[in-house]
Amino acid sequence: MQHKIIANTLSNIHGEFAFILYVPSKSPNMPPCIYYGRDRLGRRSLLINKSIEGVVLLSSVALHASDSEDSKLFEEGWVEIPPAIVFRLDLQTGGVASSEIIPRLVNKNISTKQSTTLTTIESDAIDFMEVIDKAVERRVAHAPQAYSKTDACVAVLFSGGIDSVVLAALSHRHVPSSQPIDLINVSFFNDDNNGSSLSPDRLAAILSYKEMKLRFPEREWRFIAVDVKYEEVKEQENHVRTLIRPLDSTMDFNIATAFWFAARGKGRLLDPAEVEQAQRELKEDETSVDNNVLETSSQQPLLRFAKQNHGNQRNKDSSKNQARQQCIREGCSRHALQGCIFQSCKFCCGKLQGPISSFLGKNARLCPTHNQIEVVATGNSKKSKKKTRDITDSRPCNHNNNITSSAKILISGVGADEQLAGYGRHRTTFQRGGYDALKCELHMEVNRLWTRNLGRDDRVLCDHGKEGRFPFLDEDVVAYLESLPVERKCDMSLSPGVGDKLLLREVARMIGVNQCSTLVKRAIQFGSRIAKVSDKARFGSCRKATGSAKIPQVSK
């Protein structure tokens, strides 16, 4: 009875939690016990170790072997505790006596009815904005007070993508106008790129930051640029590896490292000149794509936007697009050039010719269409000149503008992609099995968030005495999105940057933040360039690294 009462009580908690509750013995028939568990989605970390018979360890973070001699006995054997269950540990026997499911909290006020005067997407976006706005309010309205009036209470992990921009805009509604909001963006670099910190996420974040200032001028937005040289990553490697245990893959390390440095919040205020540099960079990329002069992966544009006018794409006349075939290479949204033997764009054509060139020991130059373009370009110095990024203005500044965010609340967009089909693999799933397969894939990904993402992210963010909060994983948000057919959350017939996370993109346009509304998704390990600098150092090249590969040591 006591067990069930505890589980039912916990079901009324709205938000992230993990707990350990000691109940002393009240009679000989009721020995002392410990109740423990995590919320329904596992948004807070809780680990257990039973590697030694008769000993049970419960901890939010795995013990480090160097902490004490005893801790070496528990170097291995840590596992994540499954969410949504209240476990009861009998202290007399040392075994798990029973478990009780935490009932699901259901908000009957959530509406999924369609308006008779609006389109389905507009009606759904209004309802979705209502629940996500409430989720943000729950997480920022009572944030711990700042140390001073000039410090922020709330910070947003700000990639410049649609998830973080929408959360920042909604946070503006509920954080007192007298307080600044910190927008923390992390970027990694090494000597190979001459100390440039202009990563894809940095460029996107700067452009979105500029729009946020124009859209909400009454708010003090503080863009904190966290520039991390790879040497500093190596200094913190052992510590981060301890935090992410029991996970040990290269992908987990890269993501955790980006979150760890972002949560630390130690960076610099953005220099106004960098905003102008970002605008120039975007214009140069657009010009290069339009002229089809990009030749190597290093010269590819930092950002990928949907090609078409997203406001009219759902109702457009498709005859023009039928004449221009999309590149056949999976994940590429560029158009194939008519006559290409691979039916691909220039960049992918070069990639597909690469293995053949390696086999022959020379440049194969198989495609007459794209190779002819190169010949023509050679005769024109203006066209044949390779695009090189001006990285001088994007190096970390040494001005007296260093700052460390004191915000204790870190707002994160984790969970949006898993529920709204934001990753490229979701498009692949749809192409293989349609919306039924995509629905199963999204359901599976939400259910495994606790073991793939959330425990790791919580351990890393909390290491700095701060707390990550996840509005997209609010109980009401998850329930609302589950109630919608997958076709009303995304439209995979539309191009990347439009059809994926379609519902959230509509919310962004309703709020008035349009810079990010057609930006194609980049995962944090790629957008921040931690994967590029880390994998190259560990494996010799990024292509040799796989996300599931174990973390090899790097010599310091």
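Residues numbered from 1 in each chain as written. Predicted model: local features only at pLDDT ≥ 70, side-chain atom pairs only at ≥ 80, totals over all residues. Heavy atoms only, no water.

A.B. asks: Lay out the overall build of the protein chain with the relevant residues and their values.
C.D. replies: Within the protein chain one finds 19 helices and 14 strands. The buried share among the 556 residues of the protein chain stands at 53%. Taking the contacts inside the protein chain whose residues are at least 6 apart along the sequence as the reference set, 73% of them involve residues at least 24 apart. For the protein chain, the exposed surface amounts to about 26,200 Å²; the carbon and sulfur share of it is 51%. (Helix = DSSP H or I, 4+ residues; strand = E, 2+ residues; numbered from the N terminus. Buried < 20%, exposed > 50% of the residue type's maximum accessible area, 1.4 Å probe, protein only. Contact = heavy atoms within 4.5 Å. Areas by Shrake-Rupley, 256 points an atom, 1.4 Å probe, with all protein chains shown as cover.)

A.B. asks: Give a detailed account of the pairing of strand β11 (residues 266-269), specifying residues and quantitative values.
C.D. replies: One ladder, built from 2 bridges, connects strand β10 (residues 221-229) with β11; its direction is antiparallel. Looking across to β11, one finds that Ile224 is bridged to Leu269. (Pairing = 2+ DSSP bridges.)

A.B. asks: Would you mind going over the side chain of Thr242 in detail, with residue names and values included?
C.D. replies: Among the structural elements, Thr242 can be located in helix α6 (residues 237-244). Thr242 sits in the buried class, given a relative accessible area of 10%. Not counting residues up to four positions away in its chain, the partners in contact with Thr242 are Ala62 and His64.

A.B. asks: Describe the nonpolar core, naming the residues involved and giving the relevant values.
C.D. replies: The tendency in soluble globular proteins is for nonpolar side chains to be buried side by side. Among the nonpolar cores identified, the biggest contains 56 residues, and Phe128, Phe158, Leu503 and Ile511 are the most heavily contacted of them. It is helix α2 (residues 120-140) that provides the largest number of residues to this core, a total of 9 residues. Contacts of Phe158, omitting those with residues within four sequence positions, involve Ser164, Val165, Ala168, Leu183, Ile184, Asn185, Ala205, Ser208, Tyr209 and Phe223. Grouped together as the second largest cluster of nonpolar side chains are 38 residues, Ala155, Ala256, Ala262 and Val460 included. (Core = buried A, V, L, I, M, F, W, Y, C linked by side-chain atoms within 4.5 Å.)

A.B. asks: Which residues make up the state of the cysteines, and what values do they have?
C.D. replies: According to the stated counting rule, one finds 0 disulfides in the structure shown. The cysteine Cys348 is free of any disulfide, with Cys345 supplying the nearest cysteine sulfur at 3.6 Å. (Disulfide = S-S within 2.5 Å.)

A.B. asks: Please set out the packing of aromatic side chains residue by residue, giving values where relevant.
C.D. replies: Summed over all chains, the structure comprises 7 aromatic pairs. Between the aromatic rings of Tyr36 and Phe87, the centroid separation amounts to 5.4 Å while the plane-to-plane angle is 20°, which identifies the pairing as stacked. With Tyr36 in strand β2 (residues 33-38) and Phe87 in strand β6 (residues 85-90), the pair connects residues that are 51 residues apart, well separated along the chain. Neither Tyr36 nor Phe87 differs from the other in exposure class; each is buried. Here Trp260 and Phe261 contribute two aromatic rings whose centre-to-centre distance is 4.9 Å and whose plane-to-plane angle is 85°, an arrangement assigned as edge-to-face. The pair formed by Trp260 and Phe261 is uniform in burial state, with each residue classed as buried. (Phe/Tyr/Trp six-rings, centres within 6.5 Å; stacked < 30°, edge-to-face > 60°.)

A.B. asks: So, the side chain of Ser171: which residues are in play, and what are the values?
C.D. replies: When you line up the elements, Ser171 lands in helix α3 (residues 162-174). We classify Ser171 as buried; its relative accessible area is 0%. Reaching out from Ser171, the side chain makes a polar contact with the backbone oxygen of Leu167 at a distance of 2.7 Å. If we ignore the near neighbours within four places in the chain, the residues touching Ser171 are Val136, Val140, Val156, Ile181 and Ile411. (Polar contact = N/O pair within 3.5 Å; in protein donor to acceptor, adjacent residues only side chain to side chain.)

A.B. asks: Could you give an account of the confidence of the model for the protein chain, naming the residues involved and the relevant values?
C.D. replies: In regions of low pLDDT, the predicted coordinates are not meant to be interpreted in detail. In this model, the protein chain carries a mean pLDDT of 82, and residues with pLDDT of at least 70 account for 77%. Low pLDDT, under 50, characterises residues 289-299; the predicted model gives this stretch 22 contacts beyond four residues in sequence or across chains. Across residues 373-398, where pLDDT falls below 50, the model places 46 contacts with residues more than four positions away in sequence or in other chains. (pLDDT = per-residue confidence, 0-100.)

A.B. asks: Please set out the sheet that holds strand β3 (residues 47-49) residue by residue, giving values where relevant.
C.D. replies: Reading across from one edge, β4-β3-β5 is the order of the 3 strands in this open sheet, with antiparallel pairing throughout. The outermost strands of the open sheet, each flanked by one partner alone, are β4 (57-59) and β5 (78-80). Here the strands of the sheet are splayed against their neighbours by 25° on average, with no regard to which way each runs. Relative to β5, β3 is paired through 3 bridges, and the arrangement is antiparallel. Along β5, the bridge assignment pairs Ile48 with Val79. (Axes fitted to C-alpha atoms, helices over the stretch in contact; angles between N-to-C directions.)

A.B. asks: Describe a nonpolar patch on the surface, and please don't skip the residues or the numbers.
C.D. replies: Among the surface-exposed residues, Ile341, Ile356 and Leu366 lie close enough to one another that they form a single nonpolar patch of about 230 Å² accessible area. For Ile341, the position within the fold is in the loop between α9 (319-323) and α10 (346-360). (Patch = residues over 30% accessible without salt bridge, like charges linked within 9 Å, V, L, I, M, F, W, Y side chains within 5 Å. Salt bridge = Lys/Arg side-chain N within 4 Å of Asp/Glu carboxyl O.)

A.B. asks: Which residues make up the packing of α3 against helix α17 (residues 502-511), and what are the values?
C.D. replies: Relative to each other, α3 and α17 sit at 40°, their axes nearing to 10 Å. On the basis of the axis angle, α3 is oblique to α17. You can see that α3 and α17 cross each other, and the crossing is left-handed. Of α17, the residues touching α3 (which contributes Ile162, Asp163, Val166, Ala169 and Leu170) are Leu504, Arg505, Val507, Ala508 and Ile511. The residue makeup of the contact of α3 with α17, split by class, is 8 nonpolar, no polar and 2 charged. (Parallel < 35°, antiparallel > 145°, perpendicular 65-115°, else oblique. Left-handed = near helix turned anticlockwise from the far one by under 90°. Nonpolar A, V, L, I, M, F, W, Y, C, P; charged D, E, K, R; others polar.)

A.B. asks: I'd like a rundown of the sheet that holds strand β1 (residues 18-23), residues and numbers included.
C.D. replies: Taking strand neighbours across the sheet as the criterion, the 4 strands line up as β1-β2-β6-β7 in an open arrangement whose pairing is antiparallel. Bordering the open sheet on either side are β1 and β7 (96-101), each of which pairs with just one other strand. In this sheet, adjacent strand axes meet at a mean angle of 15° when their direction is disregarded. With 6 bridges joining them, β1 and β2 adopt antiparallel strand pairing. Within β2, the residue paired with Phe19 across the bridge is Gly37.

A.B. asks: Describe the environment of Phe158, and please don't skip the residues or the numbers.
C.D. replies: The topology assignment puts Phe158 in the loop between β8 (154-157) and α3. The exposure class assigned to Phe158 is buried, which follows from its relative accessible area of 1%. The sequence separation of Phe158 and Leu410 amounts to 252 residues, and the corresponding C-alpha distance is 10.0 Å.

A.B. asks: A description of the environment of Glu211 should follow, citing residues and the corresponding values.
C.D. replies: Residue placement: Glu211 occurs in helix α4 (residues 200-215). In this structure Glu211 comes out as buried when scored by relative accessible area, which is 16%. Taking C-alpha positions, Glu211 is 8.2 Å from Asn514, a pair spaced 303 residues apart along the chain. Among residues more than four places away in sequence, those in contact with Glu211 are Gly512, Val513, Asn514, Gln515 and Cys516. In this structure the side chain of Glu211 is engaged in a polar contact, spanning 2.8 Å, whose partner is the backbone nitrogen of Asn514.

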